[in-house]
Amino acid sequence: MPRQTRKSGKEKIHTNKKEKNGEETPTFPEREWKDPEVIEIPKEQWEKPGVRVAYFSYGSYRGDGWRRGLFSLAAGIIAEEGCHFPVFAGGLISKEWVQKEIKKTCANLKQKFAPLAEEHVVQETARALANLLPQFKKPDGDLVRWYIMPSIPYDGPHSERIISHLQKIRPDIRQYKTGGERIEIRGSDGNPSIYHGVVLPKKRRLTSKYMSAAPEKDITDIEEQTSKKHPDLWIYGPSATALYKPSGEREVPYITLPAIEKLEAENRHLAENQSGLTIAEEMPDGNRLIHYWNLRDLIARERDFITGVKTGANEIQLKIHEIIKREG
């Protein structure tokens, strides 16, 4: 297993107030976060033939389905598989949560201070994500780069600013184009580069029972609109599905990405049914391997893992504990 380290740090909340033109300007609580988890990628895994790209999507930070443990688990898989860089393709942030947080922060403030409150939420969300996303260390000691691109229908209108702040905090994070972008996979041993084209939906599609309906439509739209040469592989996310349409069925193959969150039945669309991560492996001989890691079973009955009542509880308290595990 890769060695994991986490630097220590204290968490505190503080407030300050400044004077401006004789009027009190509000400032807001700031949380002090610990440093992110650092995971070392073993040399023998890093140097395996081929190039491995880990794709995340649909994490919805602070949404109902967000689970920090999934990120830690997925990070261990990335290190064990020797992935060369991770990509978060849309859905990193819960749009609904950010909007609620801004509304709550603006409560009881004068309208002219609303931009200050909004900027505070943007920056605090970026600082939280800087702690949440683990860092991967190469065998030579350098950090692996994250590539993050937002999808406005999922991440919301503030997501570009949040990720921009995140990039300033974390030197190992790069902000990519909203809505998707081409990613160059540099070939090894003198082989030419391979390109993955990330496609993110511009709007949420109507509910469909067919998992391929949304990606087929959005990818076809991109192919018809662009005059550029098509990539070697399309990456579609967020869709919370796990499809691989190989060469032969389409001119350019594509994969769809599962969600890195718990899919809540009352909120998800019909075709959204996969939780996990995807690793696309481009081999030196030109072959391609797509690895889907299914994490859904681990969170399907997550309350069964609740512990904490060891000693000192009476019979009624134990029954209450069991009801909470069963009912939530």
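Here's what I pulled together on the structure shown here. (Residues numbered from 1 in each chain as written. Predicted model: local features only at pLDDT ≥ 70, side-chain atom pairs only at ≥ 80, totals over all residues. Heavy atoms only, no water.)

Thoughts on the overall build of the protein chain
Phase 1 of the analysis: Each helix and strand counted, the protein chain has 9 helices and 18 strands in total.
Phase 2 of the analysis: The 328 residues of the protein chain split such that 44% are buried.
Phase 3 of the analysis: Look at the contacts in the protein chain between residues 6 or more apart in sequence, and 68% of them connect residues 24 or more apart. (Helix = DSSP H or I, 4+ residues; strand = E, 2+ residues; numbered from the N terminus. Buried < 20%, exposed > 50% of the residue type's maximum accessible area, 1.4 Å probe, protein only. Contact = heavy atoms within 4.5 Å.)

Focus: the environment of Asp142
Phase 1 of the analysis: Here Asp142 lies in the loop between strand S9 (135-137) and strand S10 (146-149).
Phase 2 of the analysis: Spatially, the C-alpha atoms of Asp142 and Asp172 are 9.4 Å apart, while their sequence positions differ by 30 residues.
Phase 3 of the analysis: Leaving out residues up to four positions away in the same chain, Asp142 has contacts with Phe136 and Lys137.

Side note on the side chain of Ser275
Phase 1 of the analysis: For Ser275, the location among the structural elements is in the loop between strand S16 (254-256) and strand S17 (276-282).
Phase 2 of the analysis: Since its relative accessible area comes to 3%, Ser275 is described here as buried.
Phase 3 of the analysis: A polar contact of 2.8 Å, which involves the side chain of Ser275, links it to the backbone oxygen of Glu261. (Polar contact = N/O pair within 3.5 Å; in protein donor to acceptor, adjacent residues only side chain to side chain.)

Considerations on the pairing of S10
Phase 1 of the analysis: Burial along S10 is two-sided: Trp146 and Ile148 facing one way and Tyr147 and Met149 facing the other are all buried.
Phase 2 of the analysis: In the sheet, strand S8 (residues 85-89) pairs with S10 via 3 bridges, with the strands oriented parallel. Residue pairing in the sheet places Ala89 in a bridge with Met149 of S10.
Phase 3 of the analysis: Two elements, S10 and strand S11 (residues 173-175), share 3 bridges in a ladder whose sense is parallel. (Pairing = 2+ DSSP bridges.)

Examining the sheet that holds S10
In a beta sheet, neighbouring strands are held together by backbone hydrogen bonds and run either parallel or antiparallel to one another.
Phase 1 of the analysis: With respect to topology, 6 strands assemble into an open sheet ordered S11-S10-S8-S7-S17-S18, the strand pairing being mixed. Each edge of the open sheet is held by one strand with a lone partner, namely S11 and strand S18 (288-294). For this sheet the average axis-to-axis angle between neighbouring strands, irrespective of direction, equals 20°.
Phase 2 of the analysis: Two strands pair when backbone bridges link them, and strand S7 (residues 51-56) and S8 are joined in this way by 4 bridges, in the parallel orientation. Opposite Val53, over in S8, you have Phe85 as the bridge partner.
Phase 3 of the analysis: Packing of helix H2 (residues 68-81) onto the sheet brings it into contact with S7, S8, S17 and S18, and relative to S17 it is tilted by some 20°.
Phase 4 of the analysis: Each of S10 and S11 touches helix H6 (residues 159-169); the most contacted strand, S11, lies at about 145° to it. (Axes fitted to C-alpha atoms, helices over the stretch in contact; angles between N-to-C directions.)

So, the side chain of Ser94
Phase 1 of the analysis: Inspection of the secondary structure puts Ser94 in the loop between S8 and helix H3 (95-106).
Phase 2 of the analysis: Overall, Ser94 belongs to the buried group, its relative accessible area being 6%.
Phase 3 of the analysis: Once residues within four sequence positions are removed from consideration, Ser94 is found in contact with Ser60, Tyr61, Arg62, Gly63 and Tyr154.

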